[in-house]
Amino acid sequence: MGIDDKERERAILDVTVELLLRHGYNKVTMSDVADAVGLNRRLVYLLFPSKDALIKALLLRELNIYAEVWNRYLDSDPLGGTVASVYRGLLAALKQLPLMTAMYTRDEQTFGKYLSRPGNFFASWPPDPGPTREYLQAMQEIGVVRQDINTRAMAFILDALTPSILAALSSHTKAPLDDSNRSNQPSFDELVESMAELCECLLTPKAGANLEAGKAMMRRKIEEVQAQFTERSNA
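For clarity, every value in this text was computed on a predicted model and none was experimentally measured.

1. Some details on the environment of Val37
Then, number 1: As for its position among the elements, Val37 is in helix H2 (residues 30-37).
Then, number 2: Taking the C-alpha atoms as reference points, Val37 and Ala11, separated by 26 residues in sequence, lie 6.6 Å from one another.
Then, number 3: In this structure, Val37 is in contact with Ala11, Ile12 and Val15, ignoring residues within four places of it in sequence.

This is the structure we're talking about:
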């Protein structure tokens, strides 16, 4: 792929994000994408042979962007490495990436019929809740999580709460509540901070967490995930 093709690909993907969030999968056509980016439709099809191929490439790129944003947050947070910081960073990254939020919640308004398409991206993503427990156990082994914590129960709780917080983010970014309801609803930032505080109180050892070990583990996790994304994009 030449430099011009790379620039075209980036422009096409950028436009598709906007169209997908604004109109949804069902209404967006390849002609819409071509018109929005100012290209002949034939050039779009040369890079992406179908609408679903375009969506797959877009979602893979979004996952990599998400990992990069999360990695930068981890590096900039002086308390990075604790479960609380990781949780806060993950959700803070989502706040910057509305398409990623739609991906996590499998938002029907955004993805419509794509969610039921054979072999769609979401058939294998996100993975089963198991990795949360494995992550907590690994953090426990390196001194980032208290030794007396039941990681199976805590993983279940975190996996149960996270979708509700993501749904709250989705509702805040789409349809603002009227004034009478807004005052009764916590903001997304309040929910994230409260969850982070809960993780800090329940999970961080009283003597303090091994932050460097926690950061090193999270960097390895990010690299593993990005490698999986790259492998999938080349499949």
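2. With respect to unusual backbone geometry
Then, number 1: Unlike most non-glycine residues, Arg106 shows phi in positive territory, near 50°.
Then, number 2: Checked against the element boundaries, Arg106 lands in the loop between helix H6 (98-105) and helix H7 (108-111).
Then, number 3: Note on Arg106: relative accessible area 33%, which makes it partly exposed.

3. A closer look at the packing of aromatic side chains
Then, number 1: All told, the structure shown has five aromatic pairs when counted by the stated rule.
Then, number 2: A centroid spacing of 5.4 Å and a plane angle of 50° characterise the contact between Tyr25 and Tyr114, whose relative ring orientation is tilted. Note that Tyr25 is positioned in the loop between helix H1 (3-23) and H2 and Tyr114 in the loop between H7 and helix H8 (130-141), a separation of 89 residues in sequence. Like Tyr25, the residue Tyr114 is buried in the burial classification.
Then, number 3: Relative to Phe122, the ring of Tyr114 has its centre 6.2 Å away and its plane inclined at 75°; by these criteria the two rings are edge-to-face.
Then, number 4: Given the relative accessible area of 2%, Tyr114 is considered buried.
Then, number 5: Linked through ring pairs, Tyr25, Phe111, Tyr114, Phe121 and Phe122 together constitute an aromatic cluster.

4. Considering the nonpolar core
Then, number 1: With 64 residues, the main nonpolar core has Met103, Phe111 and Phe121 as its most contacted residues.
Then, number 2: Tallying contributions element by element places helix H4 (residues 51-76) first for this core, with 11 residues.
Then, number 3: Ignoring anything within four residues of it in the chain, the contact list for Met103 reads Leu59, Glu62, Leu63, Phe111, Phe121, Phe122 and Trp125.

5. Some remarks on the pattern of salt bridges
Then, number 1: Here the structure, examined in full by the defined rule, presents six salt bridges.
Then, number 2: With a shortest N-O distance of 2.8 Å, Asp189 and Lys95 are connected by a salt bridge. With a gap of 94 residues between them, Asp189 in helix H11 (residues 188-203) and Lys95 in helix H5 (residues 83-96) connect regions that are remote in the sequence.
Then, number 3: We classify Asp189 as partly exposed; its relative accessible area is 44%.
Then, number 4: In this structure, Arg146 engages Asp148 in a salt bridge whose closest nitrogen and oxygen atoms are separated by 2.7 Å.

Reading the values: the criteria
Residues numbered from 1 in each chain as written. Predicted model: local features only at pLDDT ≥ 70, side-chain atom pairs only at ≥ 80, totals over all residues. Heavy atoms only, no water. Helix = DSSP H or I, 4+ residues; strand = E, 2+ residues; numbered from the N terminus. Contact = heavy atoms within 4.5 Å. Buried < 20%, exposed > 50% of the residue type's maximum accessible area, 1.4 Å probe, protein only. Phe/Tyr/Trp six-rings, centres within 6.5 Å; stacked < 30°, edge-to-face > 60°. Core = buried A, V, L, I, M, F, W, Y, C linked by side-chain atoms within 4.5 Å. Salt bridge = Lys/Arg side-chain N within 4 Å of Asp/Glu carboxyl O.

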